Every structure is written in structure tokens, then in C-alpha cells.
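Tertiary structure, described
Take a look at the letters that make up each chain.
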Amino acid sequence: MQTLILTEPGRFDRIDTDEPGDPGPGDALIRIHRVGICGTDLHAFRGRQPFFEYPRILGHELGAEVLAVGTGVDGVQVGDQVAVEPYLDCGDCLPCRRGRPNCCESLQVLGVHTDGGMRERIIVPARKLHPSRTLELEQLALVETLGIGAHAVERARLEEGEAVLVVGAGPIGLATLQFAALAGARVHVLEPNETRRAFARDHFDVAGCHAPGDQTPPATCVFDATGNRAAMEAAFDLPAPSGRIVFVGFQPQRVSFANPDFHRRELTVMSSRNSTPAEFVRIIGLMESGQIDTTPWITHRADYDDIVETFPSWLEPETGVVKAMLELT
Ligand SMILES: [Zn+2]
Ligand SMILES: [Zn+2]
């Protein structure tokens, strides 16, 4: 079957791989139709993803169809269209037992730590599949991305009317602002890139967009969606006293802050990683009811035949990619 593999940084190959066979107990065989591309994939292609191993089949934002199920599967049936939750948890460690499988101690993310969905068919645990009768396959492929924002907002426990500042208006920032607005917050955005500011302003429910150096209104919750160390450190200056900071973006270095300022303002800092199975279900419901509108999201597309040639262009800022979608069939 057709498989796209990242052989080494900068090099995709189209290869033929063996069929995955029949699903075992609790598993499902799925056909991958849509694969969303995100910063993780772009960093892996560039060779700038820490701890990334090659060769690797990428693809963790997946819209798929169930082809067969193993014994003991009752959550999905053959023919269902599903979003795939790519976070393979052990089910047994402390965070898993506490209902926090998104930070499982031995978490394996499909397409990151283990081979993912840039291939025709794959076997996954059926409990990781979240069906919808009405959403399009490409909408289902967006659920994982939206989950990053939904989980961050869940972590923050926003209040109705609360003033929020989202730093960084890439896909993670946009997902965060979309769910913060849905929670009833007044959302301001801080983003250096004018094109990204305009995209957020034109397509989402924002109270204001600001460039670095602009006076931003006092916010009691600041979400950092930059994954940039300097921005993360600067974020400690942004919340009003008693506020909180949620680090949604990731970067591999230490982050430091001035303790007297932090202490005087009694700030809370937290991280947000991946999302939970319950959030997948909730997001699908919000998309089905139209409360989360995915119309603005997909800005670029490619298919199996032209992805190898097209993918590098998505690394260029001038391409203006928000979300690119690989269409397999
Ligand atoms: Zn992603
Ligand atoms: Zn675990």
C-alpha cells in the first residue's frame, strides 16, 4: 500500500509497505483519508524536532474510516468516519489512572514517537477513534489541532467576560482563541506577524490584535502559543496581578522568571499538553452543532502525488499556511 515516509530531514519518499493485516482484540483497521499538517511535521522535516528519530511515517491529525474491528470493540463500527486521537497511553501509570492520559508517563504519539497516518491503512486501538455521522473527513482531521486549544482553555477555567491575551496567532494560538471566545472570554491577540494578525482579526472572534510593543489591555489569563523561549519568559510580565499563564507551545530549554514580580502578583503558571478523550468527544459535538466553525482553517491542500514537491513550500512564511491538508483519497 502507498506510504509516505520521512526518510531523513528534508526528504520524503513514496514507498510501498505491507498491509497491516487484521485488527486484534480491541483494535480497529482504518483507512486514512485526510492528514492535517502542523508545526510538529514541519519541524521534523527541517530536522529541528528534538528527540525525533528517522525514518518516520508522519501524520497525527487524522480523518479516517473504519474498515474492520477486532473482538471486543463496541464504540465504533465498520463504515464509521472518525477522528483519531493519536495519543497512545499505557492506561496504567499514575496520570492515566487519574484520568489524564494526555500526560501518560510512557505516551507514544502516532506520527511523532511511533509511525503515524501518512499511509493508506493503519491499525489503532479502537478506543482512540471518535466517530461523527455528519462531519466531513477533513473536519475530523482538524479535531486534534482544535483539541490543543480546547485543552489549554479547559486548564485555565476561564470565566465569562474574562480578559484573555493569546500570544502567538499560529494554529495553536488560533485554536486557543477560538475556544476561549466560546467560553465567553474577551480575547486579545499579541502577534508580531501582520499577516497572522490580519488572519485572526478577519476570521475569528477577537476583541483586539496587537503587535509587540503595543499597549495590551490588562488580562487575567495569558496563553503562550509561541513555543519561543524569549516570548515565554516575557509572558511573565503580561498578566494582571492574581492572573495566570498557560504555556501551550513547547520549546526544549529552561524558562526562567523574576521571582519577586511573580510572587508579588501571585501568578499561577501551568502547562497544557495534548488533549483528553473527553475533549475529542466535546469538540466533535461543538463542530456538529456549528458552535466551532472550521471554515477558516484549511488554507492549503496537496494529494499523495504532489505532496513531496509541495511540502517544502509550506515551510516558507510567505506561503501563509495556517493549516495544510494532505488528501489521500
Ligand atoms: Zn499537530
Ligand atoms: Zn500511562
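Residues numbered from 1 in each chain as written. Chains lettered and ligands numbered in written order. Predicted model: local features only at pLDDT ≥ 70, side-chain atom pairs only at ≥ 80, totals over all residues. Heavy atoms only, no water.

1. So, the sheet that holds strand β15 (residues 268-271)
Whether parallel or antiparallel, the strands of a sheet pair through hydrogen bonds between backbone atoms. Where we set the bar: Strand pairing is defined by DSSP finding a minimum of two bridges between the two strands. To qualify as a helix, a DSSP run of H or I must reach at least 4 residues; to qualify as a strand, a run of E must reach at least 2; elements of each kind are numbered from the N terminus. Think of each axis as a best-fit line through the C-alpha atoms, taken over the contacting stretch in the case of a helix, with angles from 0 to 180 degrees between the N-to-C directions.
Pairing within the open sheet is parallel, and its six strands lie in the order β12-β11-β10-β13-β14-β15. Edge positions in the open sheet fall to β12 (208-210) and β15, since each of these has one partner strand only. When the angles between neighbouring strand axes are averaged without regard to direction, this sheet yields 20°.

2. A closer look at the nonpolar core
Note the cut-off: Nonpolar cores were defined as sets of buried Ala, Val, Leu, Ile, Met, Phe, Trp, Tyr and Cys residues, with membership established by side-chain atoms within 4.5 Å. Throughout this description, buried means an accessible area under 20% of the type-specific maximum (1.4 Å probe, protein chains only), exposed means over 50%, and partly exposed covers the range between. Pairs of residues are marked as contacts when any of their non-hydrogen atoms sit within 4.5 Å.
Grouped together as the largest cluster of nonpolar side chains are 91 residues, with contacts concentrated most on Ile-30 and Phe-223. Per-element tally for this core: the top contributor is helix α4 (residues 143-156), with seven residues. Not counting residues within four places of it along the chain, the set of residues in contact with Ile-30 comprises Ala-64, Glu-65, Val-66, Leu-67, Val-84, Glu-120, Arg-121, Ile-122, Val-124 and Leu-129. Of all hydrophobic cores here, the second largest spans twelve residues; its members include Met-232, Ala-235, Phe-247 and Phe-262.

3. Examining the side chain of Thr-145
Tracing the chain through its elements places Thr-145 in helix α4. Taking the relative accessible area as the measure of exposure, Thr-145 reaches 5% and is therefore buried. Thr-145 has contacts with Glu-61, Ala-175, Trp-297 and Lys-323, leaving out every residue within four places of it along the chain.

4. With respect to the environment of Cys-93
Counting through the fold element by element, Cys-93 comes out in the loop between β6 (87-88) and α2 (94-97). Looking at Cys-93, the relative accessible area reads 10%, which means it is buried. The spacing of Cys-93 and Glu-105 is twelve residues in sequence and 6.5 Å in space, taken between C-alpha atoms. Every residue in contact with Cys-93, bar those within four places of it in the chain, is listed here: Cys-104 and Glu-105.

5. Here we look at the coordination of the zinc ion (ligand 2)
To keep things clear, this is the line we draw: Donors, by definition, are the N, O and S atoms found within 2.8 Å of a metal, the threshold being 3.2 Å for Na, K and Ca, and water is not counted, so a site can look incomplete. Think of it this way: with four donors and all angles in the 85 to 135 degree range, the site is tetrahedral; with four or six donors, opposite ones beyond 155 degrees and the rest between 65 and 115, it is square planar or octahedral; otherwise it is irregular.
Distances from the zinc ion (ligand 2) to its protein donors, Cys-90 (SG), Cys-93 (SG), Cys-96 (SG) and Cys-104 (SG), fall within 2.3 to 2.4 Å. Between the four donor atoms coordinating the zinc ion (ligand 2), the angles at the centre fall across 104 to 119°, so the site counts as tetrahedral. We note that the donor set of the zinc ion (ligand 2) lies within a single chain, spaced as C-x2-C-x2-C-x7-C. Taking the relative accessible area as the measure of exposure, Cys-96 reaches 12% and is therefore buried. A relative accessible area of 3% places Cys-104 in the buried class.

6. Here's the deal with the state of the cysteines
Basically, it comes down to this: When two cysteine sulfur atoms lie within 2.5 Å, the pair is treated as a disulfide.
Counted according to the given criterion, the structure contains zero disulfides. In this structure Cys-221 is a free cysteine whose sulfur lies 17 Å from that of Cys-209, the closest cysteine sulfur available.

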